[in-house]
Every structure is written in structure tokens, then in C-alpha cells.
Amino acid sequence: MRIIAGRMRGTVLVAPAGAGTRPTAERVRQALFDTLAHAAWGGRSLFEGVAVLDGFAGTGALGLEALSRGAARASFIESDRGALAALRANVARCRVDALVIAADVCHPPPGTPCGLVFLDPPYGRALVSQALPALERAGWVAPGAVLVSETAADEPLALTGTLLDDRRHGAARVRIWRLDGTPGASPALSTKL
């Protein structure tokens, strides 16, 4: 596993042993950033110069990829000890100054608003729907932020906002949302495209 593009391109990332952490595959990260950069609703301004939050960070591959491609800063939230060790090693390998927080994403500490939020939790536990309102209440999500969620391909997900993109990659499903900016809003799906 490595950083795909940008100033840290080719940097090899480590992952903890075992199946507890499931890093986003390189091909999925490439497809995701291509979509963010080139979709009609997107552009490089979605990540260049933007504050990024990588929740359920695992190895930190998504947030580090964003930093490599020009994000202003990144914060990572992870609770698993093995994943935290790998995450800290990867931040050091990439030689970036990033905030690594050992916490439960569904019960986060107060934070600063981020314009791009990645949530890639363990599959099948409806954790995106639990974590997002908690992150909004704690101040991590900027009004109108873009959320990238990765879930199991068959996992339902309803959020307040505009669904911009929905793609399956094998067992994974990546959905990109423009959030409506209402902290703690009740889940409801809007598919204004």
C-alpha cells in the first residue's frame, strides 16, 4: 500500500497485522480522488487547501492521500491500538504535521471544522450514520462539507445532504455527499443532482 499521487507519491504505508483494519485499496483511492477532481460537481478545490478529517482512520491512507494532493491540514481519529501505531508510523513516514487523536469517532472530542470528511468504518454496523451527527455536534464538520463514506456494498445509508456520487468497488461502496450544514440533523436522503 502506498500514496498514489502528489508530493508524497510512492511513499509506502504500513498496516497493522490482522484483519481488524481494512485499508482502502489503492485502486479505490485513485478512483475516489479522480472523481473528486474531475466530476462536474467537483474540482481540485474540494481537497486542495482544505482541512480534512479522516475518521475511523485506520492506516490514515485517505487523509494522507489528501495531504499529498494539497490539503491544508489533516486530523485523524482512530481508537484501535494497532491501527493507531500504524497511523502514527505512516504520518512520520510522510513527514507531515497532522493531528492524530486516539478516540471513538462516535464520541469525538471538540474539533475544528473540516471541509472534506472521510468516514470508512468497519462494515455492517451503521457507524457512518452514528458518527456523522456526533462529529457535527463536536464542531468537526464545516457547513456544506463534502463527506466521503465507504461502507459494505449492501449497507444502507441515509444522510441529510445531497448525494453526489455512488459507486461500488467489489465489496465496498463509496458514496460522496454534500452535507447541508445542519449540525445533528435527522437522517434523510436528498438526491438532488
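Notes on the structure follow. Because the structure is predicted, anything quoted here is derived from the model rather than measured.

1. Considering the packing of aromatic side chains
Applying the stated rule across the entire model yields two aromatic pairs. Judged by centre distance (5.5 Å) and plane angle (75°), the rings of Phe-33 and Phe-47 are edge-to-face. Note that Phe-33 is positioned in helix α1 (residues 26–38) and Phe-47 in the loop between α1 and β1 (51–55), a separation of 14 residues in sequence. As far as the burial class goes, Phe-33 and Phe-47 line up, both buried.

2. Brief notes about the nonpolar core
If you look at the biggest cluster of nonpolar residues, it comprises 34 residues, and the most contacted ones within it are Leu-32, Leu-36, Leu-64 and Phe-118. Look past the residues within four positions of Leu-64 in its chain and what remains in contact with it is Ile-3, Met-8, Leu-13, Thr-59, Phe-76, Asn-90, Val-91, Cys-94 and Val-96. Ala-103, Cys-106, Val-128 and Val-141 belong to the second largest nonpolar core, which has 26 residues in total.

3. Considering the sheet that holds strand β6 (residues 161–169)
Paired through their backbone hydrogen bonds, the strands of a sheet run either parallel or antiparallel. Reading across the sheet, the seven strands line up as β3-β2-β1-β4-β5-β7-β6 and stay open at both edges, with mixed pairing between neighbours. Looking at strand neighbours, the two that pair on one side only are β3 (99–102) and β6, the edges of this open sheet. Between one strand axis and the next, the sheet turns by 15° as a mean value, whatever way the strands run. By the bridge criterion, five bridges tie β1 to strand β2 (residues 73–78) in an arrangement that is parallel. Opposite Ala-51, over in β2, you have Arg-73 as the bridge partner. Lying over the sheet, helix α4 (residues 127–137) contacts β1, β2, β4 (114–119), β5 (141–152) and β7 (172–179), oriented at roughly 160° with respect to β5.

4. Some words on the environment of Gly-115
Locating Gly-115 in the fold gives a position in strand β4. Using a relative accessible area of 27% as the deciding quantity, one classes Gly-115 as partly exposed. Sequence separation between Gly-115 and Ala-142 is 27 residues, and the spatial gap between their C-alpha atoms is 5.4 Å. The contacts of Gly-115, once residues within four sequence positions are left out, are Val-50, Ala-51, Ala-142, Ala-145 and Val-146.

5. Some remarks on the pattern of salt bridges
Taken as a whole and judged by the stated rule, the model has six salt bridges. As a salt-bridge pair, Arg-2 and Glu-26 come within 3.2 Å of each other at their nearest N and O atoms. Of this pair, Arg-2 sits in the segment before α1 while Glu-26 sits in helix α1; the two residues are 24 residues apart in sequence, bridging distant segments of the chain. You can call Arg-2 partly exposed: its relative accessible area is 34%. Overlapping salt bridges, with partners in common, bring together Arg-29, Glu-65 and Arg-69 in one network.

What counts and how
- Residues numbered from 1 in each chain as written.
- Predicted model: local features only at pLDDT ≥ 70, side-chain atom pairs only at ≥ 80, totals over all residues.
- Heavy atoms only, no water.
- Phe/Tyr/Trp six-rings, centres within 6.5 Å; stacked < 30°, edge-to-face > 60°.
- Helix = DSSP H or I, 4+ residues; strand = E, 2+ residues; numbered from the N terminus.
- Buried < 20%, exposed > 50% of the residue type's maximum accessible area, 1.4 Å probe, protein only.
- Core = buried A, V, L, I, M, F, W, Y, C linked by side-chain atoms within 4.5 Å.
- Contact = heavy atoms within 4.5 Å.
- Pairing = 2+ DSSP bridges.
- Axes fitted to C-alpha atoms, helices over the stretch in contact; angles between N-to-C directions.
- Salt bridge = Lys/Arg side-chain N within 4 Å of Asp/Glu carboxyl O.

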